[in-house]
Number of protein chains: 2
Amino acid sequence: MTANTAEKIRLHELVIDNGRCASPFVWRVRYALAHKGLDFESVQLGFTDIPAQFGGKFKTVPILEHGETVMTESWDIVLYLDRRFPDKPALFTGAPELAMVRLTDAWFTAEVQRRLFRVYVKDVYDCARPADRPYFRASREKNMKGATLESFTADRAANLPAIRTALNPLRMHLEKFPFVGGSSPNFGDYIVLSSFQWVASVSTLPLLTADDSLRAYIDRGFDLYGGLGREAPLQPLFESS
Amino acid sequence: MTANTAEKIRLHELVIDNGRCASPFVWRVRYALAHKGLDFESVQLGFTDIPAQFGGKFKTVPILEHGETVMTESWDIVLYLDRRFPDKPALFTGAPELAMVRLTDAWFTAEVQRRLFRVYVKDVYDCARPADRPYFRASREKNMKGATLESFTADRAANLPAIRTALNPLRMHLEKFPFVGGSSPNFGDYIVLSSFQWVASVSTLPLLTADDSLRAYIDRGFDLYGGLGREAPLQPLFESS
């Protein structure tokens with residue numbers, strides 16, 4: 001049974017103490033919904049609320065509900081949106097664009113997002129709702145081979161040069177185009193901007209130098225869709241000049 | 001004045017002693033011409049032959065001649081081909097695919113091709129036509145801050161782990177798709193395959209381990225267009241198992 005397209009969409013998100021959304025993957029779906037011009041109801045969950053939904057069927061957000069359809073995994077969700085709402089602006093103009101955006105995701109995840117985790121995981125912990133912190137610590141430290149959040153991030157500033165260098169292909173690209181997707185934003189932009197949103201939600205260590213050429217792009221991206229990326233207070237992404 | 005599409009295309013290439021083409025950028029154009037099904041006449045030049053063509057107007061290949069049109073720079077050439085031959089299979093289905101392929105080019109150049117240069121520049125020298133070697137050495141060493149080709153590559157194997165790691169996004173992508181472009185090859189594939197062609201033209205140090213999951217993809221890519229990538233003897237890309 002598939003949902004009538006007129007049925008309400010509910011997006012289960014991840015909320016932290018300052019009211020912002022602390023999941024890059026929820027941000028990807030937020031941008032995808034905005035791109036398609038689809039309204040939705042937001043369900044704001046803390047980390048420990050997630051298993052209480054849907055009888056523990058899902059461990060992570062985003063979770064999209066649309067009539068009888070319930071799905072997690074941001075890629076599954078965005079492909080569903082294009083399939084289910086073909087009359088709304090397409091997220092992917094065709095198979096080649098989709099393939100290339102997936103490669104961009106693989107690149108950005110490996111070279112940038114993975115390193116961002118090493119810098120900002122403790123900031124996420126500090127911003128989580130107090131009730132969520134013990135769970136967050138236990139679940140993250142399980143994959144840290146004996147490290148604590150504190151020891152894992154003790155030397156975190158040492159990761160910044162590699163992250164800044166890894167962003168060079170994006171800087172080069174943005175000398176030619178206003179957006180990752182070319183003249184207008186596509187899902188490649190939403191992948192990149194979602195990571196910056198995640199950082200800007202929690203950061204206590206500016207990611208980029210004051211004069212970084214990415215600044216104009218990030219401003220342009222955060223302004224999209226009526227300032228979707230600015231809806232709650234942002235932590236500084238850039239060092240002060 | 002623009003060329004009648006029926007006029008002959010001439011591609012000025014870079015030939016080395018074993019008869020192979022030793023320019024990743026010429027390879028990109030070769031693949032682009034094959035993708036579009038366009039015949040062309042090959043003009044095989046050594047490094048020092050290039051300035052003797054067109055009154056010294058160009059310092060690098062590829063150079064494409066089509067009637068009155070003469071152009072260098074592989075990106076300019078492939079965009080010209082799509083513009084000039086709209087009835088032939090498109091290299092780019094639209095602006096978003098083009099933008100995403102350019103980002104892939106920026107990523108692959110920064111993370112992979114730049115490092116390949118450090119490993120294989122001396123092999124290119126050794127494979128160049130003897131008459132071209134003094135020029136090649138002088139022009140390349142000019143950018144090596146006092147190093148010679150020999151000292152620059154003395155510890156070259158130390159670069160292999162970083163290159164192999166940098167290829168992880170490609171490996172992940174190819175778990176989902178047979179080609180960079182998805183179900184069929186696009187210019188993103190030609191960018192990647194052209195670098196492997198360049199290595200396979202000159203390599204005396206295998207780039208990849210015998211069991212690398214990229215092997216099936218590289219075989220598939222080199223087989224494209226009637227085995228375009230296999231037209232002259234290949235040096236081993238993979239360690240023997």
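Let us look at the structure shown here. (Residues numbered from 1 in each chain as written. Chains lettered and ligands numbered in written order. Predicted model: local features only at pLDDT ≥ 70, side-chain atom pairs only at ≥ 80, totals over all residues. Heavy atoms only, no water.)

**Regarding helix H8 (residues 187-202) of chain A**
All names here are of chain A.
(1) Moving on: Between its first and last C-alpha, H8 extends 23 Å over 16 residues, near the 22 Å set by a 1.5 Å rise per residue.
(2) Moving on: For H8, a buried count of 16 out of 16 residues is recorded, marking the element as mostly surrounded by other parts of the structure.
(3) Moving on: N-cap assignment for H8: the residue whose side-chain oxygen lies 2.8 Å from the backbone N of Gly188 is Asn186. (Helix = DSSP H or I, 4+ residues; strand = E, 2+ residues; numbered from the N terminus. Expected span 1.5 Å × (residues − 1). Buried < 20%, exposed > 50% of the residue type's maximum accessible area, 1.4 Å probe, protein only. Polar contact = N/O pair within 3.5 Å; in protein donor to acceptor, adjacent residues only side chain to side chain.)

**Structural notes on the environment of B:Ile163**
Residue and element names in this part refer to chain B.
(1) Moving on: Structurally, Ile163 is set in helix H6 (residues 160-166).
(2) Moving on: Among the residues examined, Ile163 registers a relative accessible area of 0% and is labelled buried.
(3) Moving on: For the pair Ile163 and Leu208, spaced 45 residues apart in sequence, the C-alpha to C-alpha distance is 9.1 Å.
(4) Moving on: The contacts of Ile163, once residues within four sequence positions are left out, are Val112, Arg115, Leu116, Val119 and Leu207. (Contact = heavy atoms within 4.5 Å.)

**Examining the relation of the copies chain A and chain B**
(1) Moving on: Structural alignment of chain A on chain B gives an RMSD of 0.0 Å, achieved by rotating through 180 degrees and translating 0.0 Å along the axis. The operation mapping one copy onto its partner corresponds to a two-fold rotation axis. Within chain A, A:Glu97 has its C-alpha nearest the rotation axis, a separation of 2.4 Å.
(2) Moving on: The residues that chain A uses at the interface reappear at the interface of chain B in 100% of cases, marking a shared surface. (Least-squares fit on C-alpha atoms with pLDDT ≥ 70 in both.)

**Quick notes on the packing of helix H1 (residues 24-36) of chain B against helix H9 (residues 214-227) of chain B**
All names here are of chain B.
(1) Moving on: Contact geometry for H1 and H9: axes closest at 11 Å, N-to-C directions at 55 degrees. When the axis of H1 is compared with that of H9, the two are oblique. Classified by chirality, the crossing of H9 by H1 is left-handed. Of H9, the residues touching H1 (which contributes Tyr31, Ala34 and His35) are Gly221, Phe222 and Tyr225.
(2) Moving on: Looking at the contact of H1 with H9, its residues break down into 4 nonpolar, 2 polar and no charged. (Axes fitted to C-alpha atoms, helices over the stretch in contact; angles between N-to-C directions. Parallel < 35°, antiparallel > 145°, perpendicular 65-115°, else oblique. Left-handed = near helix turned anticlockwise from the far one by under 90°. Nonpolar A, V, L, I, M, F, W, Y, C, P; charged D, E, K, R; others polar.)

**Quick look at the nonpolar core**
(1) Moving on: Membership of the largest hydrophobic core comes to 157 residues, with the highest contact counts inside it found for A:Phe196 and B:Phe196.
(2) Moving on: Residues within four places of A:Phe196 in sequence aside, it is in contact with A:Leu167, A:Leu170, A:Leu207, A:Leu208, A:Leu214, A:Ile218, A:Phe222 and A:Leu237. (Core = buried A, V, L, I, M, F, W, Y, C linked by side-chain atoms within 4.5 Å.)

**Let's talk about the interface of chain A and chain B**
(1) Moving on: Taken together, the contact pairs 26 residues of chain A with 26 residues of chain B.
(2) Moving on: For the pair chain A and chain B, the two sides together bury roughly 2100 Å², of which 76% comes from carbon and sulfur.
(3) Moving on: Summed over the shared surface of chain A and chain B, the result is 0 salt bridges.
(4) Moving on: Where chain A meets chain B, there are 0 residue pairs in polar contact (both at pLDDT 80 or more).
(5) Moving on: Those elements giving two or more residues to the side of chain A that touches chain B turn out to be helix H3 (95-127) and helix H7 (168-176) of chain A.
(6) Moving on: Residues that form the side of chain A that touches chain B fall into these classes: 15 nonpolar, 7 polar and 4 charged. (Buried area = accessible area lost by both parts, 1.4 Å probe. Salt bridge = Lys/Arg side-chain N within 4 Å of Asp/Glu carboxyl O.)

**Looking at the side chain of B:Asp123**
Residue and element names in this part refer to chain B.
(1) Moving on: Along the polypeptide, Asp123 turns up in helix H3 (residues 95-127).
(2) Moving on: Side-chain polar atoms of Asp123 contact the side chain of Thr204, separated by 2.8 Å.
(3) Moving on: Apart from residues no more than four positions distant in its own chain, Asp123 is found in contact with Arg156, Val202, Ser203, Thr204 and Leu205.

**Some words on helix H2 (residues 74-84) of chain B**
Since the α-helix advances by 3.6 residues per turn, residues separated by three or four positions end up pointing in the same direction.
(1) Moving on: Turning to H2(B), its buried residues are B:Ser74, B:Trp75, B:Ile77, B:Val78, B:Tyr80, B:Leu81 and B:Asp82.
(2) Moving on: Contacts from the buried residues of H2(B) go to H1, strand S3 (63-66), strand S4 (69-72), H3 and helix H8 (187-202) of chain B.

**Re the sheet that holds strand S2 (residues 41-45) of chain B**
Residues and elements named next belong to chain B.
(1) Moving on: Across the sheet, 4 strands lie side by side as S2-S1-S3-S4; this open sheet has mixed pairing. The open sheet is flanked by S2 and S4, the only strands paired with a single partner. The sheet shows a mean angle of 20 degrees between the axes of neighbouring strands, direction not considered.
(2) Moving on: Pairing of S3 with S4 involves 4 bridges; the strand directions are antiparallel. In the sheet register, His66 faces S4, and the bridge partner there is Thr69. (Pairing = 2+ DSSP bridges.)

**Considering the side chain of B:Glu111**
(1) Moving on: Position of B:Glu111 relative to the elements: it lies in helix H3.
(2) Moving on: When its relative accessible area of 8% is taken as the criterion, B:Glu111 is described as buried.
(3) Moving on: B:Glu111 has contacts with A:Glu111, A:Ala166 and B:Ala166, leaving out every residue within four places of it along the chain.

**Some remarks on the sheet that holds strand S2 (residues 41-45) of chain A**
All names here are of chain A.
(1) Moving on: Pairing within the open sheet is mixed, and its 4 strands lie in the order S2-S1-S3-S4. This sheet does not close on itself; its edge strands, each paired only once, are S2 and strand S4 (69-72). Ignoring strand direction, the axes of neighbouring strands in this sheet form an average angle of 20 degrees.
(2) Moving on: Pairing analysis gives 4 bridges linking strand S1 (residues 9-14) to strand S3 (residues 63-66), with the strands arranged antiparallel. Bridged to His12 within S3 is Ile63.

The analysis is restricted to geometry; functional conclusions fall outside its scope.
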